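The lines below spell out each chain.
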Amino acid sequence: MKENAKIYSLNSSKVAAATDEWLAKRGVTKQDIAELVLFLQKDYFPSLTTEDCLEHVDAVLSKREVQNAVLTGIQLDMLAEEGKLLPPLQDMIKHDESLYGCDEILALSIVNVYGSIGFTNFGYVDKVKPGILVRLNSKTDGEIHTFLDDIVGAIAASAASRIAHRKQAEREGVTTPPLD
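Residues numbered from 1 in each chain as written. Predicted model: local features only at pLDDT ≥ 70, side-chain atom pairs only at ≥ 80, totals over all residues. Heavy atoms only, no water.

### Quick notes on the environment of Gly-73
Convention followed: Segments assigned H or I by DSSP are reported as helices when at least four residues long, segments assigned E as strands when at least two residues long, and all are numbered from the N terminus. Pairs of residues are marked as contacts when any of their non-hydrogen atoms sit within 4.5 Å.
Following the sequence through the fold, Gly-73 ends up in helix 4 (residues 64-81). Considering only alpha carbons, one finds Gly-73 and His-145, 72 residues apart in sequence, at a separation of 8.6 Å. Discounting residues that sit within four places of it in the chain, Gly-73 has contacts with Leu-106, Phe-147 and Ile-151.

So this is what it looks like as structure tokens:
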């Protein structure tokens, strides 16, 4: 190897910016995700606002492993829209086949960062599909969101978990909340 060979290093701010850009291009705003978080937590914390939820969505989206999952899932959805995947994977993703669970597994990699509450929140939001998830699951606009719908649900579930852990820390007087 040459002494002056450049070592690969991707700038984290570029990954974060790409994540925000691709979510927006796919029609998902942070506000949409914050509304899902509020849906998940409003019964437990009645004074919670969407602005509070947005802060936690931003914190979840600041994690590189979350950004990696977002970018990977969106790219797979787009490749399926373009018909660029090999069969039978093309059909499985295009039709969001019920026996294809890799989309949920990718989403669980996000939730895994935020503990068991995140898992239960994800299962719930994936089942009832509120808010933006209605559109992402509609399959009427010609776009494929097999991965993105689960990823958005996972981000919301993770932010909801983060809120729950922080609220518990506040009640206990802990100054260093868990799950940053």
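After that view, the rundown keeps rolling.
### With respect to the nonpolar core
For soluble globular proteins, the rule of thumb is that nonpolar side chains tend to be buried together. Rule in force here: The nonpolar core is taken to be a set of buried Ala, Val, Leu, Ile, Met, Phe, Trp, Tyr and Cys residues, with the residues joined through side-chain atoms within 4.5 Å. A simple rule labels every residue: compare its accessible area, found with a 1.4 Å probe on the protein chains alone, to the largest value its type can have, and call it buried under 20%, exposed over 50%, or partly exposed in between.
By size, the foremost hydrophobic cluster in this structure holds 44 residues, and its most contacted members are Val-28, Val-37, Val-57, Val-70, Val-152 and Ile-155. Secondary structure elements with two or more residues in this core: helix 2 (30-41), helix 3 (50-61), helix 4, helix 6 (102-111), helix 7 (115-128), helix 8 (132-138) and helix 9 (148-172). Of the residues forming this core, the biggest block, ten residues, is contributed by helix 9. When residues no more than four places from it in sequence are discounted, the contact partners of Val-70 are Thr-19, Leu-23, Leu-61, Ile-151 and Ile-155.

### A look at the packing of helix 6 against helix 9
Rules: Under this scheme, a helix contributes an axis fitted over its contacting stretch, all axes are lines through C-alpha atoms, and angles between N-to-C directions fall in the 0 to 180 degree range. For classification purposes, an angle smaller than 35 degrees is called roughly parallel, one larger than 145 roughly antiparallel, one from 65 to 115 roughly perpendicular, and anything else oblique. In this scheme the handedness of a crossing depends on how the near helix is turned from the far one: anticlockwise by less than a right angle means left-handed, clockwise means right-handed. In the scheme used here, Gly and all other residues not listed as nonpolar or charged are polar, with Ala, Val, Leu, Ile, Met, Phe, Trp, Tyr, Cys and Pro taken as nonpolar and Asp, Glu, Lys and Arg as charged.
It is the contact of helix 6 with helix 9, at a shortest axis distance of 8 Å, that shows an interaxial angle of 20°. One way to sum up the angle between helix 6 and helix 9 is to call them roughly parallel. The two elements helix 6 and helix 9 cross, and the hand of that crossing is right-handed. For the pair helix 6 and helix 9, contact is made by Asp-103, Glu-104, Leu-106, Ala-107, Ile-110 and Val-111 and by Asp-150, Ile-151, Ala-154, Ile-155 and Ser-158, respectively. Looking at the contact of helix 6 with helix 9 residue by residue, the class counts come to seven nonpolar, one polar and three charged.

By themselves, these figures tell us nothing about what the structure is for.
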